[in-house]
Amino acid sequence: MGRMQNILGLCFLILFLAGCQSTPHLVKRSQMLMGTVVFVTAVGADEKIAQRAVKAGLDEIRRLEELLSTWISTSELSRVNAAAGRKSIQVSQETFEVLTRSLEVAKLTQGGFNIALGPAVNAWDVSGEGHVPSQEKLEALRPQIELSNVQLDETTRSVWLRRPGMSIDVGGIGKGYAADLAARVMRTAGATAGVVALSGDIKTFGRMPDTQRFVFGIQHPRKEQGQVLGRIELEDEAVSTAGDYQRYFMKDGVRFHHILDPKTLHPAQGCQSVTVIAKDGVMADGLDTGIFVMGPDKGMALIESLPDVEGVIVDREGTVLVSSGLKNRLSLEP
């Protein structure tokens, strides 16, 4: 009888403890940062922890915006650009790191990714009314977009743009970097899982309260916003998409978009969209643009050669190419 009472007592204790365990809490918030609407989701043991993690993530993105945004005249990158051709500028560890990673991705993509393309991008004015510049005007800008003129000094942690008129912009990689750092501080704040989404740049960690992975839909490049090409589940991964549908203007039936080929200084023509999945947001964000410029064949070859990197490329005809590691993970829409 005593043994039976002990077993029953143990069962009641297990049921009691199970009932005392709190259900994981999910909190979502959005805010306008880095020129886009940022969505942050955190899962915590309770609401207080989840709220704290979301706030930490948004605060981190805001801090990085003050360092990296060229729209803020006092940012470190704005000061680097203002000093082009005159002197080097000492920067924070974060700014130096994102610039270092930018040059690494440029090398990986054979120059397809280039943070110094700003003067050429401005000449096209894709984000404004749109303008097709003359080839003479574009050629005159070439010395200002040469990446070898971006000099990083690791000893002094300084940046020097060697030619007047140069301008660097990390818009093609900075959001992924910010998502990485935001996810890191959210974990430190106690989040067990979460998503940081800055436009098309998304970083995930952990799983939802129901143990489900986070589902990401790849926008179809030739259909209305929200109509997806396919879906994929993510866990402790980042995803980023570059497409010719994001910023463009039409002239005489031709689509002129914002992703320029540094070799021609004209919009790259080989792809409609490129989606890259990687462990780090900074890698996914930088690679998608560089691979878009490289084109489908060289781009997919690069994806297959890199560890922990997968991708989906839609070429100029609309053919969908899927990397070997995604074939059993990606669900394409009919």
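Described in the following lines is the structure provided in the data block. (Residues numbered from 1 in each chain as written. Predicted model: local features only at pLDDT ≥ 70, side-chain atom pairs only at ≥ 80, totals over all residues. Heavy atoms only, no water.)

## Points about helix α4 (residues 93-108)
Thinking step 1. The end-to-end C-alpha separation of α4 is 22 Å, in line with the 22 Å expected for 16 residues at 1.5 Å each.
Thinking step 2. As for α4, its buried residues are in contact with α2 (47-68), α3 (76-82), β4 (150-153), β5 (158-161), α8 (174-188) and α9 (281-294).
Thinking step 3. Downstream of α4 by one or two residues, Gln 110 has phi in the positive range, about 55°. (Helix = DSSP H or I, 4+ residues; strand = E, 2+ residues; numbered from the N terminus. Expected span 1.5 Å × (residues − 1). Contact = heavy atoms within 4.5 Å.)

## Considering unusual backbone geometry
Thinking step 1. We note that Ser 199 has phi near 60°; this positive angle belongs to a residue other than glycine.
Thinking step 2. Mapped onto the elements of the fold, Ser 199 is located in the loop between β6 (193-198) and β7 (201-205).

## Concerning the nonpolar core
Thinking step 1. Core analysis: the biggest nonpolar cluster contains 69 residues, and Ile 168 and Ile 291 have the highest contact counts within it.
Thinking step 2. Among the elements that take part in this core, α2 stands out by supplying eight residues, more than any other.
Thinking step 3. Here Ile 291 is in contact with Thr 109, Cys 271, Val 274, Val 276, Gly 299, Leu 302, Ile 303 and Ile 313, once residues within four sequence places are set aside.
Thinking step 4. Counting 18 residues, the second-largest nonpolar core is a separate cluster that includes Ile 202, Phe 216, Val 322 and Leu 330. (Core = buried A, V, L, I, M, F, W, Y, C linked by side-chain atoms within 4.5 Å. Buried < 20%, exposed > 50% of the residue type's maximum accessible area, 1.4 Å probe, protein only.)

## Describing the pairing of β4
Thinking step 1. Of the strand pairs in this sheet, β4 and β5 are connected by four bridges, and their pairing is antiparallel. Counted as the bridge partner of Leu 152 is Val 159 from β5.
Thinking step 2. The antiparallel pairing of β4 with β5 creates a hairpin that spans four residues between the two strands, and Arg 157 there sits at a positive phi of about 50°. (Pairing = 2+ DSSP bridges.)

## Observations concerning the packing of α2 against α8
Thinking step 1. Look at α2 against α8: their axes get within 8 Å of each other, and the N-to-C directions meet at 145°. Where α2 crosses over α8, the two elements pack in a sense that is right-handed. Contact residues: α2 offers Ala 53, Ala 56, Gly 57, Glu 60, Ile 61, Arg 63, Leu 64 and Leu 68, while α8 offers Tyr 177, Ala 178, Leu 181, Ala 182, Val 185 and Met 186.
Thinking step 2. Classifying every residue of the contact of α2 with α8 gives eleven nonpolar, one polar and two charged. (Axes fitted to C-alpha atoms, helices over the stretch in contact; angles between N-to-C directions. Left-handed = near helix turned anticlockwise from the far one by under 90°. Nonpolar A, V, L, I, M, F, W, Y, C, P; charged D, E, K, R; others polar.)

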